[in-house]
Amino acid sequence: MAFLVATGSLLVQGGTLAWVIRRLNFPPPDREEFHREHDARVKDAEVAALALLGDPELRQPDGTPYEPEMLDRLRERVVSSPAEDTKVTGFRAIGELLDRVFDAQRKAVMSARADGVYSAEALADALRRIDSLQLAMQIAAWSRESEPG
């Protein structure tokens, strides 16, 4: 009986869903608005990352301060093309800091989600990009660690 009810519900709802959507006449996605949201969201994440990197209390896990040159390089990377981020040298030394940068960016995106500033599509895209960049950085670090020599 449960199988028949589930099957019937799926057939009725599945068969009528496209018709209902067409009848509601939703407007197509506004690509210009998406790009504006994307640019603003990238700027918000950049501001959050730069705020973290500019924090005078920022310390390594052992309590020692980060080298100013390393922080400067990271600041340059934050405002440069994200595709270049996988080329950061000495990743192992700054891996923890980069994770904190990505966490700061995620928090900024989640804060924007809570505030309702951007569309769900733009926020999901932002989180996917942050996750992708972090994963690319981790893969780059793992490949460097596994290189002979």
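Located above this text is the structure these notes cover.
Treat the numbers as computed from the prediction; the structure is a model and nothing was measured.

## Side note on helix 1 (residues 2-24)
If you check helix 1, its first and last C-alpha atoms are 31 Å apart, about what 23 residues at 1.5 Å a residue would give, namely 33 Å. The principal kink in helix 1, of about 40°, is found at Leu17. Little of helix 1 is tucked away: zero of the 23 residues are buried. Asn25 lies just past helix 1 and shows a positive phi near 55°.

## Some details on the side chain of His38
Within the fold, His38 resides in helix 2 (residues 31-53). When neighbours within four sequence positions are excluded, His38 is seen to be in contact with Asp125 and Arg129.

## What to know about the pattern of salt bridges
Within this structure, the stated rule accounts for nine salt bridges. Measuring nitrogen to oxygen at the nearest pair gives 3.7 Å for the salt bridge that ties Glu121 to Arg31. Of this pair, Glu121 sits in helix 5 (residues 120-146) while Arg31 is found in helix 2, placing the two residues 90 residues apart along the sequence. The partner of Asp103 in a salt bridge is Arg106, with the nearest N and O atoms 3.2 Å apart. Here Asp103 and its partner Arg106 are both found in helix 4 (residues 91-115), three residues apart, which amounts to about one turn of the helix. Three or more residues joined by partner-sharing salt bridges are found here, namely Arg41, Asp125, Arg128 and Arg129.

## Notes on the environment of Glu37
In this fold, Glu37 is placed in helix 2. Put simply, Glu37 and Val117 are 80 residues apart on the chain and 8.8 Å apart in space, counted from C-alpha to C-alpha.

## Overview of the packing of helix 2 against helix 3 (residues 68-79)
The interhelical angle for the contact between helix 2 and helix 3, taken along N-to-C directions, is 175°, at an axis separation of 10 Å. As far as their axial angle goes, helix 3 and helix 2 are roughly antiparallel. For the pair helix 2 and helix 3, the contacting residues are Glu46, Ala49, Leu50 and Leu53 in the first and Leu71, Leu74, Arg75, Val78 and Val79 in the second.

## Describing unusual backbone geometry
The phi torsion at Asn25 lies on the positive side, around 55°, for a residue other than glycine. Positionally, Asn25 belongs in the loop between helix 1 and helix 2.

## Description of helix 2
The end-to-end C-alpha distance of helix 2, which contains 23 residues, comes to 33 Å, matching closely the 33 Å that a straight helix rising 1.5 Å per residue would cover. Within the span of helix 2, buried status applies to Phe34, Glu37, His38, Arg41, Ala45, Glu46, Ala48, Ala49, Leu52 and Leu53. N-cap assignment for helix 2: the residue whose side-chain oxygen lies 3.1 Å from the backbone N of Glu32 is Asp30.

## Points about a nonpolar patch on the surface
On the surface, Leu17, Trp19, Val20, Ile21, Leu24 and Phe26 cluster together into a nonpolar patch covering about 620 Å² of accessible area. Relative to the elements of secondary structure, Phe26 occurs in the loop between helix 1 and helix 2. A relative accessible area of 56% places Phe26 in the exposed class.

## Some details on the nonpolar core
Formed by 25 residues in total, the largest nonpolar core has its most connected members in Leu53, Leu58, Tyr66, Leu71, Leu97, Val101 and Val109. Secondary-structure elements contributing two or more residues to this core are helix 2, helix 3, helix 4 and helix 5. Not counting residues within four places of it along the chain, the set of residues in contact with Val101 comprises Ala49, Leu52, Leu53 and Val78.

What counts and how
- Residues numbered from 1 in each chain as written.
- Predicted model: local features only at pLDDT ≥ 70, side-chain atom pairs only at ≥ 80, totals over all residues.
- Heavy atoms only, no water.
- Helix = DSSP H or I, 4+ residues; strand = E, 2+ residues; numbered from the N terminus.
- Expected span 1.5 Å × (residues − 1).
- Bend = angle between axes of the 7 residues up to and from the residue.
- Buried < 20%, exposed > 50% of the residue type's maximum accessible area, 1.4 Å probe, protein only.
- Contact = heavy atoms within 4.5 Å.
- Salt bridge = Lys/Arg side-chain N within 4 Å of Asp/Glu carboxyl O.
- Axes fitted to C-alpha atoms, helices over the stretch in contact; angles between N-to-C directions.
- Parallel < 35°, antiparallel > 145°, perpendicular 65-115°, else oblique.
- Polar contact = N/O pair within 3.5 Å; in protein donor to acceptor, adjacent residues only side chain to side chain.
- Patch = residues over 30% accessible without salt bridge, like charges linked within 9 Å, V, L, I, M, F, W, Y side chains within 5 Å.
- Areas by Shrake-Rupley, 256 points an atom, 1.4 Å probe, with all protein chains shown as cover.
- Core = buried A, V, L, I, M, F, W, Y, C linked by side-chain atoms within 4.5 Å.

By themselves, these observations are geometric and do not establish any function.
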